[in-house]
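# Survey of secondary and tertiary structure
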Amino acid sequence: MCPIFFLFPSVLNILGQGPGIIYLTITFHILEAKPTLPTNFEENTWATLKSSISAIFLKQPDACDLEKLYQAVNDLCLHKMGGSLYKRIEKECEAHISTALQCLVGQSEDLVVFLSLVEKCWQDFCDQMLMIRGIALYLDRTYVKQTPNVRSLWDMGLQLFRKHLSLAAEVEHKTVFGLLKMIESERLGEAVDRTLLNHLLKMFTALGIYSESFEKPFLERTSEFYAAEGVKYMQQSDVPDYLKHVEMRLHEEHERCLLYLDTNTRKPLVATAERQLLERHISAISDKGFMMLMDGNRIEDLQRMYLLFSRVNALESLRQALSSYIRRTGQGIVMDEEKDKDMVSCLLEFKASLDTILEESFSRNEAFCNTTKDAFEHLINLRQEGKLPMDLGVDIVLLLLGRKVL
């Protein structure tokens, strides 16, 4: 439409005057009238955008080039129609997202196949929202940015996906159940698709439902799994093998956090495994295996026990077990009158063995070293007369108590 121009005089000058004649000059300014929008401009422009958005969701080719779509969004925003455009886009996205999630209802009974379909639906949604956001970028940068409490197009899409996933309760519950079954299968030694797990759990995180919808039931199932396994393995295994199994399980759970679980899950997950596999069995582990490991001088296994007990603040239990072991074993040496002549060498050999264990297995823990010294003082006091040869008594006592011999 051609603009309409109006002319009006702005300056009137008298240039000169002759006989009966006056010379004038008139200056005109040209003002352009405010253009009027074509009839049905908003509806027609939206029809073009709607067609393209629909084509994106339906994965169909679109005859309209991107430059024209960008310009359509710009025109609507420049004419103060951004709010209306935002609502129209939201409504169109919601219709397609709802349809996509409802299509998953009643899908494959095979959980892995079903989870793959959910992953495909999520990936399609992400790709589609990125394309729509790209087309309507000017809307995001103007109307959305300038209007309080209005989500970006990406966040709006996430909110819609979360809403309709919740409405399709079967889909959400089946997805969570499938994820839990896959992780349980992996714990039982089966190979699983970790990439699939990673993508779906990232979906839960992006939607803001990871903690409540997945993590909570996951930790509950983890607790149940390791509670049963701890009882079973304690009955079937000796202590060294059980400790190796616990160490392996803790490593596996840490690895899961690196591969597909949210990083914030690591602390409660490891704590759950430690509680069921270690804390509940501290007394049984000590009673069943500590003396055997000490008698066998099992440096590596004792170190493993020390490190695992330290994870659950159970070193005091181990220290008490050490004290009892030294007193019980040492008493057998110092109170056997038939072996008086070998008592000193036996005590020194016993002390040397303990020193090695304190150094290599118990990291020279100060409390453990003091416990060892106290236990040997107790042993020496058991037989104050006639047990230690007088000429070696002082030196031997100093050695046994861990003090420097002068």
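### Overview of the overall build of the protein chain
- The helix and strand tally for the protein chain stands at 17 helices and two strands.
- A total accessible area of about 23100 Å² is found for the protein chain, and carbon and sulfur atoms account for 53% of it.

### Quick notes on helix H16 (residues 366-382)
- Here H16 contains 17 residues, and its C-alpha end-to-end distance of 25 Å stays within 8% of the 24 Å for a straight helix at 1.5 Å per residue.
- Of all the residues in H16, the buried ones are Phe368, Cys369, Thr371, Thr372, Ala375, Phe376, Leu379 and Ile380.
- Capping of H16 at its N-terminal end is provided by Asn365; its side-chain oxygen lies 2.9 Å from the backbone amide nitrogen of Ala367.

### A few points about the pattern of salt bridges
- One pass over the full model with this rule turns up 20 salt bridges.
- Glu186 serves as the salt-bridge partner of Arg194, at 2.6 Å between the closest nitrogen and oxygen.
- According to the relative accessible area criterion, Glu186 is buried, its value standing at 12%.
- The shortest N-O distance in the salt bridge between Glu252 and Arg249 comes to 2.9 Å. Of the two residues, Glu252 and Arg249 are both situated in helix H10 (residues 239-259); the distance of three residues between them amounts to about one turn of the helix.
- The buried category is assigned to Arg249, whose relative accessible area is 5%.
- By sharing partners, the salt bridges in this structure join Glu186, Arg187, Arg194, Glu253, Glu255 and Arg256 into a single network.

### Points about the nonpolar core
- By size, the foremost hydrophobic cluster in this structure holds 62 residues, and its most contacted members are Leu49, Ile89, Leu139, Phe161, Phe214 and Leu261.
- Per-element tally for this core: the top contributor is helix H4 (residues 111-135), with ten residues.
- When sequence neighbours within four positions are dropped, the list of residues in contact with Leu139 reads Val73, Cys77, Gly82, Leu85, Tyr86, Ile89, Val144 and Leu153.
- The next biggest cluster of nonpolar side chains, apart from the first, holds 45 residues, and it includes Leu277, Ile282, Leu354 and Ala375.

### Details of the packing of helix H1 (residues 41-58) against H4
- Packing of H1 against H4 leaves a shortest axis separation of 9 Å and a crossing angle of 160 degrees. In terms of axis orientation, H1 runs roughly antiparallel to H4. Here the hand of the crossing between H1 and H4 comes out right-handed. Residue-level contacts link Leu49, Ile53, Ile56 and Phe57 of H1 to Gln128, Met129, Met131, Ile132 and Ile135 of H4.
- In terms of residue class, the contact of H1 with H4 is built from eight nonpolar, one polar and no charged.

### A closer look at the environment of Gln320
- The topology assignment puts Gln320 in helix H14 (residues 315-334).
- Assessed through its relative accessible area of 42%, Gln320 is described here as partly exposed.
- It is 9.0 Å that separates the C-alpha atoms of Gln320 and Phe368, two residues lying 48 residues apart in sequence.
- A polar contact is formed between the side chain of Gln320 and the side chain of Glu316, at a distance of 3.0 Å.

### Remarks on the side chain of Glu186
- Structurally, the position occupied by Glu186 is in helix H7 (residues 169-187).
- Beyond its immediate sequence surroundings of up to four residues, Glu186 is in contact with Val192, Arg194, Arg256 and Tyr260.

### So, the packing of aromatic side chains
- Tallying each qualifying case throughout the model produces 14 aromatic pairs.
- The structure contains a cluster of three or more aromatic residues connected by ring pairs, namely Trp122, Phe125, Trp154 and Phe161.
- Its end group placed over the ring of Phe114, Lys174 keeps NZ or CZ at 4.4 Å from the ring centre.
- Stacked on the ring of Phe225, the Lys or Arg Arg187 has its end atom at 5.7 Å from the ring centre.

### Quick word on the side chain of Arg187
- Relative to the assigned elements, Arg187 resides in helix H7.
- A residue is classified by how much of its surface remains accessible, and Arg187, at 6% relative accessible area, is buried.
- Looking at Arg187, its side chain comes within polar contact range of the side chain of Glu253, at 3.0 Å.
- Those residues in contact with Arg187 that lie beyond four places of it in its chain are Phe218, Thr222, Phe225, Tyr226, Arg249, Glu253, Arg256 and Leu269.

### Let's talk about the confidence of the model for the protein chain
- With 85% of its residues at a pLDDT of at least 70, the protein chain reaches an overall mean of 88.
- Confidence over residues 1-15 falls short of pLDDT 50; this stretch has 37 contacts with residues more than four positions distant or in other chains.
- Below a pLDDT of 50 lies the segment residues 385-392, which in the model reaches eleven contacts outside its immediate sequence neighbourhood of four places, other chains included.

### Concerning unusual backbone geometry
- Even without a glycine there, the phi angle at Lys80 is positive, about 60 degrees.
- A positive phi is found at Asn149, a non-glycine position, where the angle reads about 65 degrees.
- Of note, Asn149 is situated in the loop between helix H5 (137-146) and helix H6 (153-167).
- We classify Asn149 as exposed; its relative accessible area is 85%.

What counts, and at which threshold
- Residues numbered from 1 in each chain as written.
- Predicted model: local features only at pLDDT ≥ 70, side-chain atom pairs only at ≥ 80, totals over all residues.
- Heavy atoms only, no water.
- Helix = DSSP H or I, 4+ residues; strand = E, 2+ residues; numbered from the N terminus.
- Areas by Shrake-Rupley, 256 points an atom, 1.4 Å probe, with all protein chains shown as cover.
- Expected span 1.5 Å × (residues − 1).
- Buried < 20%, exposed > 50% of the residue type's maximum accessible area, 1.4 Å probe, protein only.
- Polar contact = N/O pair within 3.5 Å; in protein donor to acceptor, adjacent residues only side chain to side chain.
- Salt bridge = Lys/Arg side-chain N within 4 Å of Asp/Glu carboxyl O.
- Core = buried A, V, L, I, M, F, W, Y, C linked by side-chain atoms within 4.5 Å.
- Contact = heavy atoms within 4.5 Å.
- Axes fitted to C-alpha atoms, helices over the stretch in contact; angles between N-to-C directions.
- Parallel < 35°, antiparallel > 145°, perpendicular 65-115°, else oblique.
- Left-handed = near helix turned anticlockwise from the far one by under 90°.
- Nonpolar A, V, L, I, M, F, W, Y, C, P; charged D, E, K, R; others polar.
- Phe/Tyr/Trp six-rings, centres within 6.5 Å; stacked < 30°, edge-to-face > 60°.
- Lys NZ or Arg CZ within 6 Å of the ring centre and 35° of its normal.
- pLDDT = per-residue confidence, 0-100.

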